[in-house]
Amino acid sequence: MTGTKEVSTINGLIDKVFQFNPEADLDVLRRAYAYSCEAHLKQKRKGGEPFIEHPLAVANILSDMRLDSNTIAAGLLHDTVEDTGTTVEEVRDLFGDDIAFLVEGLTKLSKMELKKKEEAQAENFRKMFLAMAENIRVMLIKFADRLHNMRTLEHLPEDRRTSIAQETLEIYAPLANRLGIGWLKTEFEDLSFMYLMPDTFRELKRKVTKKGKEQKEYLDEIAKIVEAHLKEAGIPGRVIGRVKHLYGIFSKMQKQKIPFELVYDVIAIRIITDTKKNCYMIMGLIHSLWTPVPGRFKDFIGAPKSNLYQSLHTTVIGPRGEKIEFQIRTEDMNKIAEEGIAAHWKYKDSRLSKRRDEEYISWLRELVRMQKDTLDAREFLEAVKGDILPDVVYVFTPEGDIIELPQGSTPVDFAYSIHTEIGNHCSGAKVNGKIVQLRHRLENGDSVEILTSPIQKPSRDWLKFVKSQKAKARIRHWVKTDERKKSLELGKELIEKALKKYGLNKDLIKSKEIVEAVSQFKIKTHDDLFIAVGYGRISPLQAINKFLPEPEKAEPVSKKKETGKPKHVSGITVKGIDNIMFNRAKCCYPLPGEKVAGFVTRGRGVSIHSVDCATLDVNTIDADRLVDVEWSGDKEKTYPVKVLVYTIDKPGVLAEMSAVISSENVNLSHIDASATSDKKARFNFTMEVKDVAQLNSVIKKLSHVSGVIEAMRVKSR
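Undergrad: Account for unusual backbone geometry, naming residues and giving values.
TA: Not every positive phi belongs to a glycine, and Arg66 is a case in point at roughly 60 degrees. Note on placement: Arg66 falls in the loop between α3 (53–64) and α4 (69–77). Residue classification places Arg66 among the partly exposed residues on the basis of a relative accessible area of 46%. The phi dihedral of Arg320 falls on the positive side, at around 60 degrees, and the residue is not glycine. Considering the arrangement of structural elements, one finds Arg320 in the loop between β5 (312–317) and β6 (323–330).

If you want it as structure tokens, here you go:
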């Protein structure tokens, strides 16, 4: 289907639709085209052509997918609400609820006031996925819209081309793959590749084209051999040879870190037969003709992919030592492999299409359900991206059921895939009958048994190794709920102690006034107040400040000074928060000159980290507890930092290193030295530096000292 020429007139579209669906509502297509023409009459595309050519092209792509007439009509109308004065209500009045729903699902968030471009993009995708979970045709129209835009991307500025191509490669291509639409995934990837890496694309295309004639002759040779043996064995089958698409070849080169000349299996042969039984017979025949490559046989018929893809894959050493991949499947399997979910949205049986929808997007419905409480659209988008990546492993329950998990998954991922309560109480696991650690990586074919305990609870540390979005969402939810509960209890206790200390009525803690007194902190309920105090966002004294006698009043409660200037605290500016403790994190020892972020700890104020610190991994922390911080202008203050140096064990090397450190006006506060068994020496220095530039200068000079093997900063306790 890739590269299908788009019909440029409504009559051509009508003829095409009638050919595959004589019962289609052709009148609604004519009316939708006329309405779209009028709505877009004065608009042009970036290339200068009339805008109507875009919705017409989108409708043609949808007709290539052989979709129902309402979906094609929605393709003709998909930009009217976004780009013209048309309303969804007008579309509903003229074309009915079904078409209006599809058009509304495709309307972008152009009127939303979002702070950042990334946030707008993420929110747009969230809306798209939510609409898609209700009706998959929304996604199919979006695919057609994106495909035509990609085919005409050359008219946009370079930065927009790059942005759209990157988005297509990261989201649309894997999503097309997740929904089983093979041809679309391929075209998305190749078009993105062409715009993201044009020089690499052209060079690879040149090399592939150069070998084209040779490869075609080779494929024809293999096809004749296979066809002759199929005929001799009495097995029906047609043989199709193809060169793998450019981005697929490029990805293999990147993954294996090899040049094009060493990518041997750039050709694949597909054999289409009539039954599953014959698929396996053909595989045996292929293995009898050529030597199979160990570890390259995959049975996706016995264990279909989550996108319902079924096929046998095997790679063999063919004539002249060339590696060849064979894909063996039935006609129905081939249709599913190419068209995926689109194969089920035919005009004849909407009940069948809806039932197959459930099979294809049950994962998305589950993801939407899990993420319903997620306010951060970017977190939702990351969860979706994590769930559409194609690399998976297939493992078995003790009863023999097949479970599909992301590659790298652990027993904890497996436990949550069975049931949330099993995941929450997972205390151990047996893999193939042997006890393993919870972080053990599962492999294809493993049989997994989960051990549970009523006293076991999820751990934040689990977020460091689980891979599935379901496991991550469930663990985050439990941890967040647990921390909220603990913070609430702690905050309430701290306020009660403060009230008692200052002789105030203990019933104030239940009053409406105590909440109103700190409303500028966006606190609306008593629970909000207790949690804020428990987390350390505000102090107990700030909470009761209004009720203290005048001589005992603390500094007035305020989120920001009247001057609007943030408060400087020992070289750190904590934006928007005053009167709060802070500490420099020992996991990364941040220095001036590095970007930093603050994390609100429970009862210990704000912990200051480098922005790239592993502790701030978005998968393992509560993003609501992050605050903006920056270094202030105190250029004379120094900060302790650790430097590790490996040297040859020889006299005088320590003296020379100490002289280098002293020459940089850096104070050396501690030295720990030890010798290794291979006649090397290890020095741990603790020194006081003003900023990261001074540290880098010291490390650079230490690296040039005679006898020094390596000098590096240590970012750990």
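Undergrad: Account for the nonpolar core, with residues named and values stated.
TA: Core analysis: the biggest nonpolar cluster contains 98 residues, and Ile99, Phe143, Leu204, Val226, Ile271, Ile286 and Phe326 have the highest contact counts within it. Excluding residues that lie within four positions of it along the chain, Ile286 makes contacts with Val226, Ile271, Val316 and Phe326.

Undergrad: Break down α3 for me, with residues and values.
TA: Because each turn of an α-helix spans 3.6 residues, side chains separated by three or four positions in sequence point in the same direction. In this model, α3 (12 residues) spans 16 Å end to end at C-alpha, consistent with the 16 Å of a helix rising 1.5 Å per residue. All of the buried residues in α3 are His54, Pro55, Leu56, Ala57, Val58, Ala59, Asn60, Ile61, Leu62, Ser63 and Asp64.

Undergrad: Describe the sheet that holds strand β18 (residues 639–648), listing the residues and the values that go with them.
TA: On the basis of which strands lie adjacent, the open sheet formed by 4 strands has the order β19-β20-β18-β21 and antiparallel pairing. Across the chains shown, the open sheet's two edge strands, defined by having one partner strand only, are β19 (667–675) and β21 (708–714). Adjacent strand axes in the sheet meet at a mean angle of 20 degrees when their direction is disregarded. Where β19 lies against strand β20 (residues 680–689), 8 bridges are found, and the strand directions are antiparallel. Its bridge partner lying in β20, Ser674 is registered against Arg682. The sheet contacts of helix α25 (residues 653–663) involve β18, β19, β20 and β21, and relative to β20 the element is tilted by about 20 degrees. This element, helix α26 (residues 692–703), spans β18, β20 and β21 of the sheet and lies at about 165 degrees to β21.

Undergrad: How would you explain the packing of aromatic side chains if you had to name every residue and give the values?
TA: How two aromatic rings sit relative to each other is given by the distance of their centres and the angle of their planes. Counted by the stated rule, this structure contains 11 aromatic pairs. Between the aromatic rings of Phe193 and Phe201, the centroid separation amounts to 5.4 Å while the plane-to-plane angle is 80 degrees, which identifies the pairing as edge-to-face. By the burial criterion, Phe193 is buried, and Phe201 matches it. Ring centres 5.9 Å apart and planes at 15 degrees place the aromatic pair Trp290 and Phe326 in the stacked group. Of the two residues, Trp290 sits in the loop between α15 (276–289) and β3 (291–292) while Phe326 sits in strand β6, which places them 36 residues apart along the sequence. Site record: aromatic cluster; members linked through ring pairs are Phe193, Phe201, Tyr247 and Phe250.

Undergrad: Help me get a handle on the pattern of salt bridges, residues and values and all.
TA: For the coordinates displayed, the defined rule picks out 19 salt bridges. Put simply, Arg137 and Asp98 hold a salt bridge, and the shortest N to O gap is 2.6 Å. With Arg137 in helix α9 (residues 137–151) and Asp98 in helix α7 (residues 97–106), this residue pair connects regions lying 39 residues apart in the sequence. Owing to a relative accessible area of 3%, Arg137 belongs among the buried residues under this scheme. Across the pair Lys185 and Glu189 runs a salt bridge, and its minimum N-O distance is 3.3 Å. Note that Lys185 and Glu189 are positioned in helix α11 (residues 182–196) at a spacing of 4 residues, about one turn of the helix. Each member of the pair, Lys185 as well as Glu189, carries the same accessibility label: buried. Look at the salt bridges and you will find they share partners, linking Asp68, Asp98 and Arg137 into a network.

Undergrad: Tell me about the packing of α9 against α11, residues and numbers included.
TA: In the contact formed by α9 and α11, the axes pass within 10 Å of each other and the chain directions differ by 35 degrees. Crossing geometry of α9 relative to α11 is assigned as left-handed. Two secondary-structure elements touch here, α9 through Phe143, Arg146, Leu147, Met150 and Arg151 and α11 through Trp183, Leu184, Glu187, Phe188, Leu191, Ser192 and Tyr195. Each residue belonging to the contact of α9 with α11 can be placed in one class, and the counts come to 8 nonpolar, 1 polar and 3 charged.

About the thresholds
- Residues numbered from 1 in each chain as written.
- Predicted model: local features only at pLDDT ≥ 70, side-chain atom pairs only at ≥ 80, totals over all residues.
- Heavy atoms only, no water.
- Helix = DSSP H or I, 4+ residues; strand = E, 2+ residues; numbered from the N terminus.
- Buried < 20%, exposed > 50% of the residue type's maximum accessible area, 1.4 Å probe, protein only.
- Core = buried A, V, L, I, M, F, W, Y, C linked by side-chain atoms within 4.5 Å.
- Contact = heavy atoms within 4.5 Å.
- Expected span 1.5 Å × (residues − 1).
- Pairing = 2+ DSSP bridges.
- Axes fitted to C-alpha atoms, helices over the stretch in contact; angles between N-to-C directions.
- Phe/Tyr/Trp six-rings, centres within 6.5 Å; stacked < 30°, edge-to-face > 60°.
- Salt bridge = Lys/Arg side-chain N within 4 Å of Asp/Glu carboxyl O.
- Left-handed = near helix turned anticlockwise from the far one by under 90°.
- Nonpolar A, V, L, I, M, F, W, Y, C, P; charged D, E, K, R; others polar.

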